[in-house]
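What follows is each chain in one-letter form.
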Amino acid sequence: MKIGENDWNLEPFGKHLWRGRMETGQLLALARAVKEAGGQLVALWGSDDRHLGDGFGIHGAFLTGSGLAWVSSALPVEAPAYPDLAHIFPQVDRMQRATFDLLGIRASDAVDDRKWLRHTAWAENEFPLRKDFSPLSTLGSPLPEADAYPFLRVDGDGVHEIPVGPIHAGTIEPGHFRFSIIGDRILKLEERLGYTHKGTEKRFEGLDLATGAKLAGRVSGDAHTAFSWAYCMAAESACACRVPDRAAWLRALFLEIERVANHLGDLGYLGNDVALAFGFMQFWRLKEDWLRLSARLFGHRYLFDCIVPGGVATDIDNAGRAELRALGERIAGEVRELKHIYDEHTGLQDRFAHTGIVKPELAARLGLTGLAGRASSQAWDARVQFPCAPYDQLDVAMAVQKSGDVLARAEVRFAEVFESLRLIGQLLARLPDGELRAPCVPAGTPCEGLGWIEGWRGPTIVALRIAADGTLDRVHPHDPSWQNWPLLEVGVLGNIVPDFPLINKSFNLSYSGVDL
Amino acid sequence: MATHLILQKMFRTGFVSEPAPAADLALRTREQHIHADLLGIFGQAVAIRHVDAGSCNGCELEIHALGGAHYNIEGLGVKFVASPRHADLLLVTGPVSRHLEVALKRTYEATPEPKWVVAIGDCGCTGGMFGESYASCGRVANVIPVDVEVPGCPPTPLALLEGILAAVSAGVKTPAAS
């Protein structure tokens, strides 16, 4: 595979996927080449490979013009380290810090080496994802003394701080925001996450494939389908399992249903956050109709556990297809009316426009991704450029905006609701006959796979390794919020504090998905 | 002008909490039952503080859904508040991460008596798939006293309402031993 001038000796590893192993020095060179070619680093994680006769491993997933390159480097048992990549891809900063907290693998010469996921549940010299760390080892023992997190302080005349969270005033996930403000203007925002860290990655260890699929779907519940599909795609790749056509089409149907549900909810809340309760009530009425139909057709309002290794666990009959198509058409019509109202509402437009701006150049430099990225001219959508089945037969239209403000992120959601509803019509009309599930059986030797799905929030990746006994050895689920959280810190600069909830909602990032 | 479009849309939408299809009819009966019961017991609003103590955010989706027009919870006398000091009832999702153990205890202590705790979701009730580990305290009851547990992954909005009712029907509880 060529990136820039060089051939990087990466082997094809499934559709639009490439796989390679290299020395850490080469990893650094590859990162530079990807950056120069306009690509991104979308995920970085580590592994303990000592039980396989190696040391540790560091893994990166690079987005390039030819697809996703999954690259690994072996690290020594003693003092495992790799060169800092955050000076090339700033978005990887927290991923590097989390990798140290969980595995003791250090990014050499990194500017920011503060802890990230570690608060008080384990000590500085303990590493939960090492195989010799028992998941129960610190259970019931007193919490180690909290070593305070070193926030970056802003000093100056009239500057003061507002600490918010971890428990927030609304129904949202827990995290801490430290605002430095002057008057009502935000001079700096620093996020402190990791509160919902519940040992998800450790929990995967030793599970069978089917149970792992359920856990993957609960990495971030609102992106259940994206994670469970990415996980199953990884497992199927590891087990050389071919998913029946009908199952692949049903998975895409579920993914688009999930996208519509989340976008409807967000469009309602965006209205609510500018005091247009009407918008909330209308969009959530539509969302509720949508969820109830999912429950009736597929047995679950959020389609939990509908995707299983090898295929899907539920089908749709002709009556169901007609019903879903009809509701999709009604919702498309109503959303058109509501969009007209949002467009015409001067108060709403005034609050949305020029609020929480992330300019395209900055978005590219810092790796903004997914729907927020597309609102800042980052025209990446795996369904369009690197489609897996059945998207390769659907001709998906990408929604892109360039103003990078709350309005742009709302516009991308509107466009994606319409496009997803159109796709749902196509998926229902052309749904192939056939089996729902194929056997997905581990090979009996250690094997690995990677799944990559464009979820509603953005590119959702799951990489996994299956042990010789068929259980899960290492699973890393990657939520696009990893890249986007730091951009929220940038997007709020110069805005007033009361606009923070609106800006935050316009990104709608996952806490659980990155706290793991 | 947006105003006449909004009014038109509201007029055309009408009241969605009215029974239309058969399945919704059953739901509406239940809502009215809860409504009457709440008024009978409490005679005033029940103020709820939601606490995400480590959930995957699935349960939060259904708490949000409760705020929609179909469920009309404010019409039922149930209101979500921004501070535990204003709350009668804590609606807690789990599993309780060890990183939120202290925050959850403090939230509980900040809630005035009499107070109720409703743990929701399979994780809040049992620890769910995450169980107990170096990072997870498991079920909510492992950390603070719990009055009602509403299982489900996630529990439906209707199940949440039933759980809230079950809590306030238990009457005034003696202060927690802690």
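Residues numbered from 1 in each chain as written. Chains lettered and ligands numbered in written order. Predicted model: local features only at pLDDT ≥ 70, side-chain atom pairs only at ≥ 80, totals over all residues.

## A short note on the overall build of chain B
Per the secondary structure count, chain B includes 6 helices and 5 strands. Its helices and strands in sequence order give chain B the pattern α-α-β-α-β-β-α-β-α-β-α, from N to C terminus. Out of the 178 residues belonging to chain B, those deemed buried represent 51%. Look at the contacts in chain B between residues 6 or more apart in sequence, and 81% of them connect residues 24 or more apart. (Helix = DSSP H or I, 4+ residues; strand = E, 2+ residues; numbered from the N terminus. Buried ≥ 20, exposed ≤ 12 C-beta atoms within 10 Å, placed from the backbone. Contact = placed C-beta atoms within 7 Å.)

## Considering the domain arrangement of chain A
Residues and elements named next belong to chain A. Domain boundaries assigned for chain A yield domain 1 (2–108) and domain 2 (200–480). Its C-alpha centre places domain 1 at a distance of 26 Å from the equivalent point of domain 2. Contact with domain 1, which involves 20 residues of that partner, is made by 16 residues of domain 2. Looking at the side of domain 1 that touches domain 2, the elements that each hand over two or more residues are strand E5 (40–48), strand E6 (56–64) and strand E7 (67–75). Sort the elements by how many residues they give to the side of domain 1 that touches domain 2 and E5 lands first, with 6 residues. A breakdown of the residues in the side of domain 1 that touches domain 2 according to their chemical character gives 12 nonpolar, 7 polar and 1 charged. (Domains from an automatic or database assignment. Nonpolar A, V, L, I, M, F, W, Y, C, P; charged D, E, K, R; others polar.)

## Section: the nonpolar core
The biggest cluster of nonpolar side chains holds 200 residues, and the ones touching the most others in it are Ala 230, Ala 234 and Val 462 of chain A together with Leu 89, Val 118 and Ile 164 of chain B. Examining the composition of this core, we find that 15 residues originate from one element, helix H6 (residues 245–272) of chain A, more than from any other. Residue assignment places this core across two domains, with domain 1 (2–108) and domain 2 (200–480) of chain A each supplying three or more. Residues in contact with Leu 89 of chain B, not counting those within four places in the same chain, are Val 46, Ile 48, Lys 115, Trp 116, Val 118, Ile 164 and Ala 167 of chain B. (Core = buried A, V, L, I, M, F, W, Y, C linked by C-beta atoms within 7 Å.)

## Quick word on the pairing of strand E12 (residues 185–192) of chain A
Residue and element names in this part refer to chain A. When strand E11 (residues 176–182) meets E12, the two strands line up antiparallel, connected through 7 bridges. Following the sheet pairing, Ser 180 is matched in E12 by Lys 188. Here E11 hands over to E12 after 2 residues, with Gly 183 in that stretch at a positive phi of 65°. (Pairing = 2+ DSSP bridges.)

## Considerations on the sheet that holds strand E10 (residues 159–164) of chain A
Residues and elements named next belong to chain A. Strand order in the open sheet made by the 3 strands is E10-E11-E12, with antiparallel pairing throughout. This sheet does not close on itself; its edge strands, each paired only once, are E10 and E12. Adjacent strand axes in the sheet meet at a mean angle of 20°, parallel and antiparallel pairs treated alike. (Axes fitted to C-alpha atoms, helices over the stretch in contact; angles between N-to-C directions.)

## Here's the deal with the pairing of strand E3 (residues 89–93) of chain B
Residues and elements named next belong to chain B. Counting buried positions over the 5 residues of E3 gives 5, a clear majority of the element. Neither face of E3 is exposed, since Leu 89, Leu 91 and Thr 93 on one face and Leu 90 and Val 92 on the opposite face are all buried. Where strand E1 (residues 46–52) lies against E3, 5 bridges are found, and the strand directions are parallel. Across the sheet, residue Asp 52 finds its bridge partner in E3, namely Thr 93. In terms of strand pairing, E3 meets strand E4 (residues 116–120) through 5 bridges, oriented parallel. Within E4, the position partnered with Thr 93 by the bridge is Ile 120. Considered for its hand, the β-α-β crossover made up of E3, helix H4 (residues 101–110) and E4 is right-handed. (Right-handed = clockwise from strand over helix to strand, strands pointing away.)

## A closer look at unusual backbone geometry
Following Ala 389 of chain A, the chain continues into Pro 390 of chain A via a peptide bond in cis, with omega recorded as 5°. Within the element layout of this structure, Pro 390 of chain A appears in the loop between helix H12 (382–385) and helix H13 (406–429). Note the cis peptide between Gly 94 of chain B and Pro 95 of chain B, where omega equals 5°. Here Pro 95 of chain B is to be found in the loop between E3 and H4. Look at Ala 79 of chain A: it is not a glycine, yet its phi comes out positive at around 45°. Inspection of the secondary structure puts Ala 79 of chain A in the loop between E7 and strand E8 (81–83). The phi dihedral of His 354 of chain A falls on the positive side, at around 60°, and the residue is not glycine. Within the fold, His 354 of chain A resides in the loop between helix H9 (346–352) and helix H10 (360–366).

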